[in-house]
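Take a look at the letters that make up each chain.
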Amino acid sequence: MLEWAQNFMAAIPPVLLMTVYMFIFVLVLFGCVAYVTLAERKVIGFMQVRIGPNRVGPRGFGQPIADALKLMFKEMILPNDADRFLFRLAPLLSMIPALAAWAVIPFADGWNFADINAGLLYLLAMTSLGIYGVIIAGWASNSKYALLGALRSAAQIVSYEIAMGFALVGVLMASGSLNLGDIVEAQEGNVFTWNWLILFPLFITYLIAGVAETNRAPFDVVEGESEIVAGFHVEYSGMGFALFFLAEYANIILISALTALLFLGGWLSPFPESWSSVPYLGVLLGHGPHMFIAKTCFFIFCFLWFRATFPRYRYDQIMRLGWKVLLPITLIWIFVEGVLLYFELPPWWFD
Amino acid sequence: MDVTWSAREIIMIENYLPVLIFIVIATVVGGAIMFLGLARIGLGPHVKDAAKESPYECGFEAFEDARMQFDVRYYLVAILFIIFDLEIAFLFPWAVSIREVGLIGFVSMAVFLIILTIGFIYEWKKGALDWD
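Nothing here was measured: the structure is a model prediction, and the numbers come from that model.

1. Focus: the overall build of chain B
Piece 1. A tally of helices and strands in chain B yields four helices and zero strands.
Piece 2. Mapped in sequence order, the helices and strands of chain B form the string α-α-α-α.
Piece 3. By the compact-globule yardstick of 14 Å for 132 residues, chain B is too spread out, its C-alpha radius of gyration being 26 Å.
Piece 4. Overall, the C-alpha framework of chain B stretches about 70 × 60 × 30 Å when taken along its three principal axes.
Piece 5. Considering chain B as a whole, with its 132 residues, one finds that 17% of them fall into the buried category.

So this is what it looks like as structure tokens:
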């Protein structure tokens, strides 16, 4: 018993330190989310030959802080006949998985909070849990628009989840591990040994499914402001709305980071190994977290770009794309990949 | 009472403890944000108004119950999802160990996938995937 107590006491300082690190990480993530919203308005602004927000602070850089403060001082309205408990629980349920998923993301070799061997399974579970927040919000609001939005969202997310899951199966076959660090290391070599080339159909499928999973344009019939006003969060105001908003952008960053890890080699550098010995610049050209962050930023930019470029899909078109296009593509590619792997054909002849 | 843990279990706990702590932190941070917004506790005002608190319906008085019947196709999508998601869950361990399972593992999973593909083609032809 004494020994157990001693072990327990010895474990407290590292656990406390880790808690502090995680807390700082979550705050930094909130900062990133805030500035992704600014980036979105700026990027779409420039794509439409406008300037975007430019009043608060130099060049509009204070805008996200002003938005956050404004939302904080707004009333959170509880509609008549809404389920009081579920109405307040729903934003939390969509926020928690979007944050908790980050526990297993490696920023560089060994730079993650939890190096678990079922990392990808955990991520699949966490990204699937987000749907509960949406559907509970829709049901608890006691509003027709909210219920319609939640139903659409549930059916859409569930449909694209399948294409996404099959794309992940392809990644697992290529790397032979569920651990995210191992998946990145299996891609080591050069730009052409990263998964995006050998798994190209799965890469495209994953990216499209990721956009649909986060309910972003052109798959945003869930919000569809021209028909069901704002979908599942039409009745939310103040901090409840802020939480949904944060969760949506945290999910965008998460999906971008995952695409970078699974298909674009995470922290691996696209430049030849010898370049990293160049004085001063070498650090920037070698492997490292900056490569991972740069790739993530590229995919975040793609999300914003899609929104500015594509018109919204009709709902039946969305469902057709998910079930009749992406699903068969992934099924066929898993067959092809299985055969290639089994008979050790290129690019796996060297295994 | 003597609790002994095997080395494997200890490694499991060491690896997964950060995940648990992270989930707790996510809950606490999310809860704190929500707490800030709650009426009477938070920073926002709290003024009662019948029109403000009625559910939004384009300015009309809300009629009937909002928790209405919905299209059965959503239900169908949910059922199809369960089938395919289970299939993915079956494929995960196979995909990780494809280099080790040999011919039997490879062929049996190919048969499994073919059966499911036949089911998928049947659904498609039956029109279960149509949405109009």
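2. Section: the overall build of chain A
Piece 1. Regarding its fold elements, chain A presents 12 helices and zero strands.
Piece 2. Helices and strands appear in chain A in the N-to-C order α-α-α-α-α-α-α-α-α-α-α-α.
Piece 3. Taken over C-alpha atoms, the radius of gyration comes to 22 Å for chain A, in line with the 20 Å a tight globule of 351 residues would show.
Piece 4. Across its three principal directions, the C-alpha atoms of chain A cover 65 × 60 × 50 Å.

3. Considerations on the nonpolar core
Piece 1. Of all hydrophobic cores here, the largest spans 130 residues; its most connected members are A:L99, A:A150 and A:A250.
Piece 2. The leading source of residues in this core is helix α5 (residues 144-175) of chain A, at 22 residues.
Piece 3. Residue contributions to this core reach at least three from each of two domains, namely domain 1 (1-45) and domain 2 (69-132) of chain B.
Piece 4. Excluding anything up to four places from it in sequence, A:A250 contacts A:L29, A:V33, A:A98 and A:L99.

4. Topic: the domain arrangement of chain B
Piece 1. Parsing chain B into structural domains produces domain 1 (1-45) and domain 2 (69-132).
Piece 2. The C-alpha centroid of domain 2 of chain B is placed 35 Å from the C-alpha centroid of domain 1 of chain B.

5. Observations concerning the packing of helix α8 (residues 200-213) of chain A against helix α9 (residues 238-263) of chain A
Each packed pair of helices is defined by two parameters, the angle between the axes and the distance between the axes.
Residue and element names in this part refer to chain A.
Piece 1. Remark: α8 packs on α9, axes separated minimally by 10 Å, with the N-to-C direction vectors making an angle of 170 degrees. When the axes of α8 and α9 are compared, the pair comes out roughly antiparallel. Contacts between α8 and α9 pair F203, Y206, L207, G210 and E213 from the former with I255, T259 and F263 from the latter.

6. So, the interface of chain A and chain B
Piece 1. Taken together, the contacts link 69 residues of chain A with 54 residues of chain B.
Piece 2. With 14 residues, the single largest contributor to the side of chain A that touches chain B is α5(A).
Piece 3. Residues that form the side of chain A that touches chain B fall into these classes: 46 nonpolar, 12 polar and 11 charged.

7. Notes on helix α3 (residues 84-100) of chain A
Residues and elements named next belong to chain A.
Piece 1. Between its first and last C-alpha, α3 extends 25 Å over 17 residues, near the 24 Å set by a 1.5 Å rise per residue.
Piece 2. Largest kink in α3: about 25 degrees, centred on A90, with the proline P91 one to four residues after it.
Piece 3. Buried residues dominate α3, accounting for 12 of its 17 residues.
Piece 4. Taken together, the buried positions of α3 are occupied by F87, R88, A90, P91, L93, S94, M95, I96, P97, A98, L99 and A100.

8. Quick look at unusual backbone geometry
Residues and elements named next belong to chain A.
Piece 1. The residue R59 is not glycine, and still its phi comes out positive at about 55 degrees.
Piece 2. By secondary structure assignment, the location of R59 is in the loop between α1 (2-47) and α2 (63-72).
Piece 3. Taking the number of C-beta atoms within 10 Å as the measure of exposure, R59 has 14 and is therefore partly exposed.
Piece 4. At N142, a position not held by glycine, the phi torsion is positive, near 60 degrees.
Piece 5. Inspection of the secondary structure puts N142 in the loop between α4 (119-140) and α5.
Piece 6. Taking the C-beta count within 10 Å as the criterion, N142 has 21 such neighbours and is therefore assigned buried.

9. Comments concerning the packing of α1(A) against α2(A)
All names here are of chain A.
Piece 1. Direction vectors running N to C along α1 and α2 enclose 115 degrees, while the axes themselves pass 9 Å from each other. By the angle between their directions, the pair α1 and α2 is classed as roughly perpendicular. Between α1 and α2 lies a crossing of right-handed hand. Within the contact between the two elements, α1 uses A34, Y35, T37 and L38 and α2 uses Q63, P64 and A68.
Piece 2. A per-class count over the contact of α1 with α2 returns five nonpolar, two polar and no charged.

10. Quick notes on the environment of A:H290
Piece 1. The residue A:H290 is located in helix α11 (residues 289-309) in this model.
Piece 2. The spacing of A:H290 and A:E75 is 215 residues in sequence and 40 Å in space, taken between C-alpha atoms.

11. Re the environment of A:G240
Piece 1. Note that A:G240 resides in helix α9.
Piece 2. Taking the C-alpha atoms as reference points, A:G240 and A:L99, separated by 141 residues in sequence, lie 16 Å from one another.
Piece 3. When sequence neighbours within four positions are dropped, the list of residues in contact with A:G240 reads A:M76, A:P91 and B:G37.

12. What about the confidence of the model for chain B?
Residue and element names in this part refer to chain B.
Piece 1. Summarising the model, chain B shows a mean pLDDT of 80, and 91% of its residues fall at 70 or more.
Piece 2. Within chain B, no element has a lower average pLDDT than helix α2 (residues 50-53), which sits at 75, and none a higher one than helix α4 (residues 102-126), at 87.
Piece 3. Taken over the whole predicted complex, pTM reads 0.90, whereas the ipTM for its chain interfaces reads 0.85.

Rules and cut-offs
Residues numbered from 1 in each chain as written. Chains lettered and ligands numbered in written order. Predicted model: local features only at pLDDT ≥ 70, side-chain atom pairs only at ≥ 80, totals over all residues. Helix = DSSP H or I, 4+ residues; strand = E, 2+ residues; numbered from the N terminus. Rg over C-alpha atoms; globule rule 2.2 N^0.38 Å. Buried ≥ 20, exposed ≤ 12 C-beta atoms within 10 Å, placed from the backbone. Core = buried A, V, L, I, M, F, W, Y, C linked by C-beta atoms within 7 Å. Domains from an automatic or database assignment. Contact = placed C-beta atoms within 7 Å. Axes fitted to C-alpha atoms, helices over the stretch in contact; angles between N-to-C directions. Parallel < 35°, antiparallel > 145°, perpendicular 65-115°, else oblique. Nonpolar A, V, L, I, M, F, W, Y, C, P; charged D, E, K, R; others polar. Expected span 1.5 Å × (residues − 1). Bend = angle between axes of the 7 residues up to and from the residue. Left-handed = near helix turned anticlockwise from the far one by under 90°. pLDDT = per-residue confidence, 0-100.

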